[in-house]
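# Structural overview for review
One letter stands for each residue in the lines below.
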Amino acid sequence: MASREIALLKEHIDERLDAIENMINLSLVSSVINMMDETVHTEYKEVSEIEDLADVLSQYEACLDKIERFGDKIAIYILSQESMNISKVRLLLEVVLDIDSEIIPIFVFEKLNGMQRRKLLEERISFCVQDKELYITG
C-alpha cells in the first residue's frame, strides 16, 4: 500500500471514531436529561404532597415542624399545637400514611411520661422528645 492510501485510511478511521464518540456523547447526554426530568418530576410531586399534608395536619391542630430527606425517604416531624395523646398520634399516623405511605412521620413531644413512651415503642411509632431522644422505626 502506498503511503497516500495509508494516510487516507487513517483519516477515514479517525472520522469514523469521531462519529462514534459523538454518538456516545449524545447518548450520555440524553440519559442525563431523562434522569433530570425524572428527578424534577419526583421532587415536584413530593413538594405538592407535603403541601397537601401540611393543610390536612392543620385541620387536626398539628403542623410540620421540620422535613428531612434520608436517601429516597422523607421524614416529617409533626408537632401538635396542643398536648398529643396516643389516640391523636394514631389518628395522625393514619392520616399521613393515607396521603403517602413512603413518608416517615415522627411525632414531636416536649416531654413524655413512661407510659406514653412505652405505648409509642410497643406500637413502633417514631417519635422525638425535643433535644433529648429520637426513635425512628422502619
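What comes next concerns the included structure.

Calculation notes
Every residue gets a number counted from 1 within its own chain, in the order that chain's sequence is written. Given that this is a predicted model, residues contribute local features only at a pLDDT of at least 70 and side-chain atom pairs are listed and counted only at 80 or more, while totals for whole chains, interfaces and linings are drawn from all residues. Water and hydrogen atoms play no part in the side-chain values, which are based on all heavy atoms of the structure. Between any two strands, pairing holds if DSSP finds at least two bridges. Here a helix means four or more residues in a row that DSSP labels H or I, a strand means two or more in a row labelled E, and each is numbered from the N terminus. Any two residues whose heavy atoms approach within 4.5 Å at even a single point are treated as in contact. As a rule, the C-alpha atoms of each element are fitted with a line to give its axis, helices using only the stretch in contact, and angles between N-to-C directions run from 0 to 180 degrees. Salt bridges are counted wherever a side-chain nitrogen of Lys or Arg sits within 4 Å of a carboxyl oxygen of Asp or Glu. For the exposure calls, accessible area comes from a 1.4 Å probe over protein chains only, and a residue counts as buried if that area is under 20% of its type's maximum, exposed if over 50%, partly exposed in between.

### What about the pairing of strand β1 (residues 62-70)?
Along any regular strand, the residues point their side chains to alternate faces of the sheet. As defined by bridge partners, β1 adjoins strand β2 (residues 73-80) across eight bridges and the pair is classed as antiparallel. Bridge assignment links Phe-70 to a residue of β2, and that residue is Lys-73. Hairpin connection between β1 and β2: a loop of two residues separates the two successive antiparallel strands, and Gly-71 in this loop has a positive phi of roughly 65°.

### A few points about the environment of Asp-100
Among the secondary structure elements, Asp-100 is positioned in the loop between α2 (86-99) and β3 (104-109). Linking Asp-100 and Ile-50, residues 50 residues apart in sequence, is a C-alpha distance of 9.2 Å.

### Thoughts on the environment of Tyr-135
With respect to the secondary-structure elements, Tyr-135 resides in strand β5 (residues 133-135). Sequence-wise, Tyr-135 and Leu-120 are 15 residues apart; in three dimensions their C-alpha atoms are separated by 9.4 Å. Ignoring sequence-local partners within four residues, the contact set of Tyr-135 consists of Leu-121, Arg-124, Ile-125, Ser-126 and Phe-127.

### Some words on the sheet that holds β2
Pairing is mixed across the open sheet formed by five strands, whose spatial order is β1-β2-β3-β4-β5. With partners counted over all chains shown, the strands left at the sheet margins are β1 and β5, one partner each. Strand-to-strand, the axes of this sheet are offset by a mean angle of 20°, without reference to chain direction. Lying over the sheet, α2 contacts β1, β2 and β3, oriented at roughly 150° with respect to β3.

### Notes on the pattern of salt bridges
A complete count under the given rule lists five salt bridges for this structure. Of the charged contacts, one joins Glu-123 and Arg-90 as a salt bridge, the two residues approaching to 2.5 Å between their closest N and O atoms. Placement of the pair is Glu-123 in the loop between α3 (114-122) and β4 (127-129) and Arg-90 in helix α2, with a sequence separation of 33 residues. Assessed through its relative accessible area of 30%, Glu-123 is described here as partly exposed. Relative accessible area serves as the criterion here: at 34%, Arg-90 is assigned to the partly exposed category. With a closest N to O distance of 2.8 Å, Arg-118 and Glu-122 form a salt bridge.

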